[in-house]
Amino acid sequence: MSAVVARFARILPRTLGTRTFAVKTTVREDGIDDTIIEELEALYQSRSEPLLGPYESIQANRSVIELWKQQKLAEMNEQPVDMKALEKEVIKEYSVTPKPNDVDRKDSSDDIRITGTPEMLWSLDLNVPYEEFRRLAKKTLVVKRTVQMTRLGKLPSMYALVVVGNGNGSAGYGEGKANDAAKAVMFATRNAIKAMNHIPRYDDRTIFHDIEHKFKATKLVLWARRPGFGCRVAPIIHEICECIGIQDLAGKIHGSRNPMNVIKTVFEALKTQRVPSDLAKARGLRLIDVNHTYYQGITPTRSGRPKF
Amino acid sequence: MVGVYDLCARVQNGFRARLGRIAVPETKLNLAVSRVLYNQGFVSSVTRGTHVGPDESYVPTTNLNVAERRLWLTLKYYQDSPVLRKMRCISKPSRKINCDANQFRTLAAGQAWSIVKGVNPGEIIIVSTTRGVMEIQDAVRYGIGGNLLARAN
């Protein structure tokens with residue numbers, strides 16, 4: 001064999017093995033087919049491209065798939081073949097991962113929606129369906145003007161803290177900073193939705209037990225209360241309770257009452273709750289709810305899910 | 001020592017340091033309180049031993065070896081967090097708190113009395129009564145009063 005073909009023969013994929021390219025071409029004097037060289041050159045070109053991944057280098061895969069298709073055609077003795085079925089068979093036989101549906105999706109208008117005000121921006125990566133997003137309670141609790149001091153002067157920016165909740169046990173807070181308040185609120189809302197997680201409640205109306213928690217300079221005491229009591233807590237904590245879906249609570253803030261830190265304290269405190277089922281597993285006890293078992297369960301006076 | 005102060009500190013510190021087991025001085029009171037902790041599921045075993053480790057077989061405590069004797073408590077962890085978060089004394093040398101049966105009932109129900117807060121869900125109060133050291137709920141069942149020793153959560 002000539003040196004040219006020998007050089008190209010080394011880069012052929014292993015699956016081709018000793019198969020020959022049975023393609024109708026003119027045979028040259030030195031016995032090498034034009035099309036073979038073209039195809040090998042194409043292969044060589046595709047090989048020298050950086051293989052970024054199975055979907056990025058569709059071009060590279062394409063040339064190999066064409067080669068395999070031609071082989072298959074030759075095998076079937078050039079009978080009239082359904083090209084699509086042939087392609088499917090080739091892909092299946094050679095385990096080529098097919099292109100996923102959303103790789104070159106042109107219409108991405110469904111990805112982002114602007115609902116009414118520019119503060120509310122929904123997109124797919126929030127992992128929340130659009131309908132659910134609309135029904136979420138979004139409360140902007142802190143908007144501040146912050147300043148970064150540089151040698152050229154003061155750089156102002158707006159900071160926002162937003163609490164987001166579905167009123168039924170899922171809530172989270174997010175912070176955002178931008179040059180204007182609306183954008184900051186938008187970033188904060190999106191961060192809040194990403195940070196949402198489940199908060200345990202007793203009877204879906206109050207916390208499981210009295211909580212004492214300290215975060216930075218804020219000391220917080222929260223007491224579980226009877227049904228119909230209401231949320232007798234500071235206004236900021238009241239808003240958070242509405243987002244979470246806590247209806248009966250009493251609480252007191254000692255120390256610093258900085259709104260930003262109080263919100264963070266509340267979320268941290270509610271995470272430290274001891275859920276009876278976990279307690280039972282940890283300590284190996286049989287726990288029964290006295291209220292539900294012996295007193296027929298005092299039912300809440302208000303319906304569980306507030307309407308937003 | 002006449003109180004559970006040492007035990008409270010050692011148990012709390014042991015859990016915070018994520019130790020597997022801790023050695024506690026071997027006294028009658030420590031043994032009784034450890035028994036309550038074991039029954040309530042805060043600790044998975046209580047063993048007699050020396051300052052080096054638990055005994056393989058029974059070794060009697062005598063005048064000669066009393067200084068090395070310890071009680072080994074095996075600590076429990078669940079879902080990457082300690083089972084016992086806090087253990088505090090209620091009766092202190094500066095102020096001893098004794099109650100009768102009625103006050104035990106209010107405390108066990110969750111209502112505060114004097115400077116003592118009510119029992120929260122998941123909490124226990126260890127009390128010393130004429131019938132021995134036990135949990136407050138057991139004392140209420142017997143209808144007896146006593147001295148409030150410690151509170152474990």
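Scroll up to find the structure.
Reading the values: the criteria
- Each residue is numbered by its place in its chain's sequence as written, counting from 1.
- Ligands are numbered from 1 and chains lettered from A, in the order in which they are written.
- Given that this is a predicted model, residues contribute local features only at a pLDDT of at least 70 and side-chain atom pairs are listed and counted only at 80 or more, while totals for whole chains, interfaces and linings are drawn from all residues.
- The basis for the side-chain values is all heavy atoms of the structure; hydrogens and waters are excluded.
- Secondary structure is summarised from DSSP: a helix means a run of H or I of at least four residues, a strand means a run of E of at least two, and numbering begins at the N terminus for each.
- For every residue, the accessible area obtained with a 1.4 Å probe (protein chains only) is divided by the maximum for its type, and the residue is called buried under 20%, exposed over 50%, and partly exposed between those limits.
- Note on contacts: a residue pair qualifies if any of its non-hydrogen atoms lie within 4.5 Å across the two residues.
- Working definition of accessibility: Shrake-Rupley area with a 1.4 Å probe, residue cover restricted to the visible protein chains.
- Buried area: the accessible area, evaluated with a 1.4 Å probe, that two parts lose upon being put together, summed over both parts.
- The working definition used for a salt bridge is a side-chain nitrogen of Lys or Arg within 4 Å of a carboxyl oxygen of Asp or Glu.
- Note on pairing: DSSP must find at least two bridges between two strands before they are called paired.
- In this description, a line fitted to the C-alpha atoms serves as the axis of each element, helices being fitted only across the stretch in contact, and the angle between N-to-C directions of two axes falls anywhere from 0 to 180 degrees.
- The reported arc concerns the directions from the helix axis to the C-beta atoms and nothing else.
- Buried residues of nine kinds, namely Ala, Val, Leu, Ile, Met, Phe, Trp, Tyr and Cys, make up a nonpolar core once their side-chain atoms join them within 4.5 Å.

Draft legend 1. Inspection of the overall build of chain A at higher detail. A count of helices and strands for chain A gives ten helices and ten strands. Among the 308 residues that make up chain A, the fraction classed as buried is 38%. Looking at chain A alone, contacts between residues at least 24 apart form 56% of all its contacts between residues at least 6 apart. Accessible surface computed for chain A: about 19,100 Å², of which carbon and sulfur atoms make up 53%.

Draft legend 2. Expanded view of the interface of chain B and chain A. Tallying the contact residues gives 15 residues for chain B and 13 residues for chain A. Taken together, both faces of the contact between chain B and chain A bury some 1,100 Å²; the carbon and sulfur share is 41%. Interface area lost by chain B to chain A is led by B:Tyr78, B:Arg85 and B:Asn120, which between them contribute 41%. There are one salt bridge connecting chain B and chain A.

Draft legend 3. Expanded view of the pattern of salt bridges. One pass over the structure, following the stated rule, counts 15 salt bridges over all chains. Measuring nitrogen to oxygen at the nearest pair gives 3.5 Å for the salt bridge that ties A:Asp204 to A:Arg201. Residue classification places A:Asp204 among the partly exposed residues on the basis of a relative accessible area of 41%. Bridged by salt links that share partners, the residues B:Glu26, B:Arg48, B:Asp55 and B:Arg69 form one connected network.

Draft legend 4. Region of interest: the sheet that holds strand S2 (residues 43-50) of chain B. Residue and element names in this part refer to chain B. Spatially, the three strands line up as an open sheet ordered S1-S3-S2, and their pairing is antiparallel. The open sheet has two free edges, formed respectively by strand S1 (21-25) and S2, since each of these has just one partner strand. On average, adjacent strands in this sheet sit at an angle of 25° to one another, irrespective of strand direction. One ladder, built from five bridges, connects S1 with strand S3 (residues 69-75); its direction is antiparallel. Considered in S3, the bridge of Pro25 is made with Arg70.

Draft legend 5. Layout of helix H3 (residues 101-109) of chain B. Residues and elements named next belong to chain B. Within the span of H3, buried status applies to Phe104, Leu107 and Ala108. For H3, the angular spread of the buried residues around the axis is 95°, confining them to a single face. Of the surrounding secondary structure, the elements contacted by the buried residues of H3 are strand S7 (98-99), strand S8 (124-129), helix H4 (136-142) and strand S10 (146-152). Immediately beyond the C-terminal end of H3, within one or two residues, lies Gly110, with a positive phi of roughly 105°.

Draft legend 6. View of the nonpolar core. Formed by 28 residues in total, the largest nonpolar core has its most connected members in A:Leu222, A:Ile237, A:Ile246, A:Leu249 and A:Leu270. Looking at this core, the elements that each hand over two or more residues are strand S3 (137-150), strand S4 (153-165), strand S8 (218-224), helix H7 (235-244), strand S10 (249-255) and helix H8 (259-271) of chain A. With seven residues, H8(A) is the single largest residue contributor to this core. The residues contacting A:Ile237, other than those within four sequence positions of it, are A:Leu220, A:Ile253, A:Val262 and A:Val266. Core analysis: the second largest hydrophobic core is formed by 25 residues, B:Val11, B:Val24, B:Leu37 and B:Phe42 among them.

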